[in-house]
Amino acid sequence: MKLTDDVPGCYYNRTVQFFYEHSGKNISAHWRPRDYVVVSLGMGVSVIVILANILVMVAIFINRRFHFPIYYLLGNLAAADLFSGIAYLHLMFHTGPWTIKLSKNQWFVRQTLIDSSLTASVLNLLAIALERHQTIFTMQLHSKMTNRRVVLLIALIWGLAIFMGLVPTMGWHCLCDLENCSTMAPMYKRSYLVFWAVLNLFTFSLMVAAYTRIFVYVRHKSQRMSQHTSQIRHKETVFNLMKTVSMILGCFVICWTPGLVLLMLDGLGCESCQVLRYEKYCLVLAECNSLVNPIIYSFRDTDMLQTFKRILCCLCRRGDAGRKDTLSGMRCNTLEQEVLSESNGNNHHDNHNDDNNHISPHGDHSDTDD
Ligand SMILES: CCCCCCCC/C=C\CCCCCCCC(=O)OC[C@@H](O)COP(=O)(O)O
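Report on the accompanying structure. Keep in mind it's a predicted model, so treat the numbers as computed, not measured.

**Re the site of the ligand**
With respect to spatial proximity, 22 residues lie near the ligand, and among them Tyr20, Thr95, Thr99, Arg110 and Lys280 are the closest. Contact distances for the ligand include 2.8 Å between an oxygen atom and a side-chain N or O atom of Arg110. At 3.4 Å from an oxygen atom of the ligand is found a side-chain nitrogen or oxygen belonging to Glu279. Across the complex, the protein chains shield 98% of the 690 Å² of accessible surface that the ligand would expose by itself. Counting residues per element, the ones that place at least two in the shell around the ligand are helix H4 (104-137), helix H6 (190-225), helix H7 (231-267) and helix H8 (275-299). Here the residues of the shell around the ligand are counted per class, giving 12 nonpolar, five polar and five charged.

Now the structure itself:
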């Protein structure tokens, strides 16, 4: 029996099924109850992810209050999350009993979409953390990220994400090294899984460092200020800031840790770990990060909420677009607003001048936008 292809030691002519059977990953043409659950749940999650992130992108596009660097990064995060929703939806149409029908190229496309989009999302979270760190620490220097820099940063994020997704297809696969194939992705090398997981753990530690420094800095600064301002107000701001920072980091940990641990276990060749049993849950959890991102980064912004309401009102009742919404009971703050409210004493992000708009680029809060 001829196992190898034109290149000695390689298995280019083999089907996807061959690699799945070799890795011990289940592949079958029949629909099992589990497949119905995975595919329908996955489709539901990806549709919600897509809609939520489209809403954020439209809001940033139409409201000129959001035409500032930090919002371009938030918009780009929404674009990456939208992309991961699309990649996940694509996966749902190419998994379960459909996997066996895939050509190797189709399988690589499916994986590349997932890997690139999730990498783009994680890199955006890192960029947002670093941008916040930069702006908060350089507040007094009027340092402002130029639009050109943001565009370069966004291009870098996408370039890196697409590269990271394409790396296995370009050669870091196991078609010529069958012994090192992973279990969860039977045509990927185990070492790539470890590499990806380590890179993400590194990203996470940078995020923790950036947000910890922001938190310590603001607390220190507000302690000095609180001699002049009300203690209660100070405590409230520090508490809110802590809530936002732990929410950002907590959601990241909850969504990504199980998947990263699984990638490490598979990558390190743990045979008794039953990685396949948990794979789908961990992937859907990582996908859920693309759903919680708009909630923690955008939906908590009062201006953003008002814009969403306007967009949704426009969609529901065209012609009633001029209606003004008062969100009196819903004063939620973004990290920037919290930091700024502390820097400005009691003025709670309403009374800062435009010189500060590199921290919280809202300008004044009159109702006359656009
Ligand atoms: C296991 C959770 C992984 C969360 C992180 C995913 C992002 C990883 C990016 C690059 C690392 C290499 C890819 C590792 C494989 C990830 C698992 C996966 O892609 O599952 C799809 C799977 O269900 C489809 O089931 P079938 O193969 O059709 O039967």
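**Observations concerning the state of the cysteines**
Under the criterion given, the structure shown has three disulfides. The partner cysteine of Cys10 in its disulfide is Cys176, sulfur to sulfur 1.9 Å. Judged by the sign of its S-S torsion, about 110°, the cystine formed by Cys10 and Cys176 is right-handed. A residue pair is termed long-range when its members are at least 10 positions apart, and Cys10 in the segment before helix H1 (16-23) and Cys176 in the loop between helix H5 (147-170) and H6 qualify at 166 residues. What makes Cys10 buried here is its relative accessible area of 4%. Sulfur-sulfur distance for the disulfide between Cys270 and Cys273 comes to 1.7 Å. Residues Cys270 and Cys273 are joined through a disulfide that is right-handed, its torsion about the S-S bond being 85°.

**Things to note about the side chain of Asp115**
Here Asp115 lies in helix H4. Although Asp115 is buried, it makes no salt bridge; Arg110 carries the closest opposite charge, 8.8 Å away. Beyond its immediate sequence surroundings of up to four residues, Asp115 is in contact with Gly165, Tyr188, Tyr192 and Trp196.

**Here's the deal with the environment of Pro294**
Here Pro294 shows up in helix H8. Between the C-alpha atoms of Pro294 and Val56, which are 238 residues apart in sequence, the distance is 7.0 Å. Look past the residues within four positions of Pro294 in its chain and what remains in contact with it is Ala52, Asn53, Val56, Asp81 and Phe299.

**With respect to the pattern of salt bridges**
This model, assessed by the stated rule, comprises five salt bridges. Among the ionic pairs, Asp303 bridges to Arg65, the shortest N-O distance being 3.3 Å. A residue pair is termed long-range when its members are at least 10 positions apart, and Asp303 in helix H9 (residues 302-316) and Arg65 in the loop between helix H2 (33-62) and helix H3 (69-92) qualify at 238 residues. Take Asp303: its relative accessible area is 3%, and that puts it in the buried class. Accessibility expressed as a relative area gives 10% for Arg65, which makes it buried. Two residues, Glu279 and Lys280, come together in a salt bridge whose shortest N-O distance is 3.5 Å. Residue Glu279 is classed as buried on the basis of its relative accessible area of 14%.

The rules behind the values
Residues numbered from 1 in each chain as written. Predicted model: local features only at pLDDT ≥ 70, side-chain atom pairs only at ≥ 80, totals over all residues. Heavy atoms only, no water. Near = heavy atom within 4 Å. Polar contact = N/O pair within 3.5 Å; in protein donor to acceptor, adjacent residues only side chain to side chain. Areas by Shrake-Rupley, 256 points an atom, 1.4 Å probe, with all protein chains shown as cover. Helix = DSSP H or I, 4+ residues; strand = E, 2+ residues; numbered from the N terminus. Nonpolar A, V, L, I, M, F, W, Y, C, P; charged D, E, K, R; others polar. Disulfide = S-S within 2.5 Å. Buried < 20%, exposed > 50% of the residue type's maximum accessible area, 1.4 Å probe, protein only. Lys, Arg positive; Asp, Glu negative; His and termini not counted. Salt bridge = Lys/Arg side-chain N within 4 Å of Asp/Glu carboxyl O. Contact = heavy atoms within 4.5 Å.

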